[in-house]
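Descriptive structure summary
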Amino acid sequence: MSLPAWMQDWRVGRPWATNFALCGLGFGLLLLARQFVSENDHFTIGFSGVSGWSTTLFFAAVLVILTQPVDRWTFWIIVGFAVASRLVTLCAEPFSSSDMYRYVWDGVVQHVGINPYRYVPGDATLAWLRKPNQDVFDNINRRDYARTIYPPVAQMVFFATTWISPTVTMMKLAMVGFETLACGAMIALLRMMGKPREQVLLYAWCPLLVWEVAGAGHVDAVVIAFVALALLFRAKRNDWLTGLFLGLAVMTKFYPVVLFPALYRRGDWKMPAMVAGVIAVGYAAYSSVGMMVFGFLGGYTEEEGMATGARYFLLQWIQSFRGLHGFSTQMYFAACALVFGALMLWAWRRATVEGAVRAGEVPVFLKVASALGMALMLLFSPHYPWYVIWLIPFLALAPSLPVATYLMAFFYLFTTDLADPGPKMFLLNRILYGSVVVALVVHLALLKWPVHRWLHPEYGASTETGTVA
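Quick caveat: nothing in here was measured; it's all calculated off a predicted structure.

When you go through the protein residue by residue, the secondary structure sums to 22 helices and zero strands. Structurally, the protein occupies a C-alpha span of about 90 × 50 × 50 Å along its principal axes. Counting only residues that meet the buried cut, the protein has 52% of its 469 residues in that class. When contacts within the protein are restricted to residue pairs at least 6 apart in sequence, those whose partners lie at least 24 apart make up 75%. Element-wise, carbon and sulfur atoms account for 67% of the exposed surface of the protein, whose accessible area totals about 21,100 Å². The centroid of the 33 positive side-chain charges in the protein is displaced by 9 Å from the centroid of its 26 negative side-chain charges.

Right, let's get into the nonpolar core. Trp205, Leu231, Trp390 and Tyr406 are the most contacted members of the largest nonpolar core, which has 154 residues in total. Of the residues forming this core, the biggest block, 14 residues, is contributed by helix α11 (residues 220-235). Ignoring anything within four residues of it in the chain, the contact list for tryptophan 390 reads Val223, Ile224, Tyr255, Pro256, Val258, Leu259, Gly373, Leu376 and Met377.

Right, let's talk about the pattern of salt bridges for a bit. By the definition in use, this model includes four salt bridges. The salt bridge involving arginine 86 is made with glutamate 179; its shortest N-O contact spans 2.9 Å. Remark: glutamate 179 occurs in helix α8 (residues 168-192) and arginine 86 occurs in helix α4 (residues 72-90); sequence separation between them is 93 residues. Comparing arginine 86 with glutamate 179 shows no difference in burial state: the two are buried.

Turning next to helix α17 (residues 329-350). For α17, spanning 22 residues, the distance from its first C-alpha to its last is 31 Å, which sits close to the expected 32 Å at 1.5 Å a residue. By the burial criterion, the buried members of α17 are Thr329, Tyr332, Cys336, Phe340, Leu343 and Ala347. On an axial view of α17, the arc spanned by its buried residues comes to 65°, and they lie on one face. Seen from the open side of α17, the exposed residues pointing more than 90 degrees away from its buried face are Gln330, Leu338 and Arg349. Where α17 is buried, its residues contact α13 (260-263), α16 (313-319) and α18 (364-380).

A word on the environment of alanine 369. With respect to the helices, strands and loops of the structure, alanine 369 is situated in helix α18. Note: C-alpha distance between alanine 369 and leucine 231 (138 residues apart in sequence) is 9.0 Å. Aside from chain neighbours lying at most four places away, what touches alanine 369 is Leu231, Leu259, Ala262 and Phe394.

Glycine aside, residues mostly have negative phi angles, and peptide bonds mostly take the trans form. Backbone geometry at arginine 142 places phi at a positive 55°, although glycine is not the residue there. Along the chain, the position of arginine 142 falls in the loop between α6 (134-138) and α7 (152-164). Non-glycine residue arginine 237 carries a positive phi angle of around 60°. When you line up the elements, arginine 237 lands in the loop between α11 and α12 (239-250). Arginine 237 sits in the partly exposed class, given a relative accessible area of 38%.

Further remarks concern a nonpolar patch on the surface. Residues Trp317, Phe321 and Leu324 make up a contiguous nonpolar surface patch of about 270 Å² in total accessible area. Tracing the backbone shows tryptophan 317 in helix α16. Given the relative accessible area of 38%, tryptophan 317 is considered partly exposed.

Conventions used here
Residues numbered from 1 in each chain as written. Predicted model: local features only at pLDDT ≥ 70, side-chain atom pairs only at ≥ 80, totals over all residues. Heavy atoms only, no water. Helix = DSSP H or I, 4+ residues; strand = E, 2+ residues; numbered from the N terminus. Buried < 20%, exposed > 50% of the residue type's maximum accessible area, 1.4 Å probe, protein only. Contact = heavy atoms within 4.5 Å. Areas by Shrake-Rupley, 256 points an atom, 1.4 Å probe, with all protein chains shown as cover. Lys, Arg positive; Asp, Glu negative; His and termini not counted. Charge placed at Lys NZ, Arg CZ, Asp CG, Glu CD. Core = buried A, V, L, I, M, F, W, Y, C linked by side-chain atoms within 4.5 Å. Salt bridge = Lys/Arg side-chain N within 4 Å of Asp/Glu carboxyl O. Expected span 1.5 Å × (residues − 1). Arc of directions from axis to C-beta. Patch = residues over 30% accessible without salt bridge, like charges linked within 9 Å, V, L, I, M, F, W, Y side chains within 5 Å.

This is a description of form; function is not addressed.
Printed below as a string of structure tokens:
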């Protein structure tokens with residue numbers, strides 16, 4: 001007795017079912033975004049409850065979009081819920097971080113002709129600016145001893161945004177605008193790779209972005225936009241624009257500089273020249289303060305334990321083994337240099353000689369760039385969720401279980417009681433890094449035994465013709 005047809009081809013999905021599932025998952029993520037705002041005022045299920053359920057629904061949505069067929073309505077469902085989730089958090093007061101108040105202050109200071117690197121916000125010279133911007137000034141962290149740390153391009157963004165309106169809501173709206181720019185670049189690159197534009201869901205629905213960009217307005221959204229554009233123009237083999245946008249990303253926050261080996265094409269001088277030019281022009285624009293143009297960078301490295309090694313989980317983990325207590329910070333830096341040296345050599349041999357992007361393939365330079373970014377974060381051990389959001393475009397363009405695990409485990413764990421410097425955070429990082437190792441093992445196993453393709457809707461059609469997708 002043969003099985004009914006609906007049981008024989010259950011793996012062959014249908015677009016209407018995809019859309020129905022995404023509507024349910026999107027509505028759930030929207031409610032959780034609203035709950036995140038509510039948790040700022042009173043405890044209901046806790047931030048860890050919101051982040052945990054958000055992570056679960058996000059992974060479910062990713063599974064749907066990567067394995068099920070879509071139609072012309074799917075993309076607009078993705079866009080609709082992405083916009084709605086950001087609108088829910090856009091007008092709420094920032095809670096998890098007060099960095100945005102410094103952004104607004106730096107913009108206000110520039111509008112009266114003062115170099116933002118010259119004074120700390122609490123300096124008496126700027127006292128006359130406090131009253132018209134009292135709400136902003138009162139919420140600035142480190143206002144009495146720290147000059148601004150943000151590089152020149154970030155300062156230009158602050159200037160342009162506060163020219164429209166010197167408010168936190170306007171600053172958050174600007175950051176969401178840069179997200180829109182990033183999504184446009186990612187969709188264009190997905191099309192070049194022959195991938196469905198709906199894959200941008202991996203970026204647009206990521207709850208970590210809703211919290212840290214629309215919710216807290218972090219300037220990392222600007223980095224994401226410039227990195228996405230640099231990746232797009234690297235795919236187009238436009239060296240001038242690749243260098244321009246990589247330079248702009250580096251001058252917004254320094255860490256995208258690690259992508260240079262992945263985006264460089266052997267024999268090209270235009271991209272390096274443009275990166276160097278953007279850096280030179282950026283610092284020249286604010287050079288009236290001399291060496292103070294580097295702001296609070298030195299003080300921040302001391303506060304965060306970067307110089308002493310107190311913040312690096314892998315260093316602490318190595319030192320926890322018997323006989324390795326004397327493994328110094330300098331030795332750790334040397335080991336990091338060796339790791340990045342090997343990665344750069346790998347990038348030189350692979351990405352720099354790659355040809356044009358071909359449909360159906362993930363470009364080698366994109367894989368290399370993702371590996372470099374991931375390596376930096378693992379070695380750097382950031383303590384703040386917004387530091388890792390610049391990896392999310394790589395997740396959307398080249399889905400990876402280890403990268404997804406790292407991002408979403410980071411998101412969840414840093415809303416728990418373990419997010420407390422000291423022994424608790426060491427345990428948090430053990431869980432985080434352990435999860436990434438497990439994900440990497442599973443990823444490698446699936447490459448060798450791709451049983452997951454059985455879930456793909458094309459499997460049924462391909463097996464009917466005697467092939468396996």
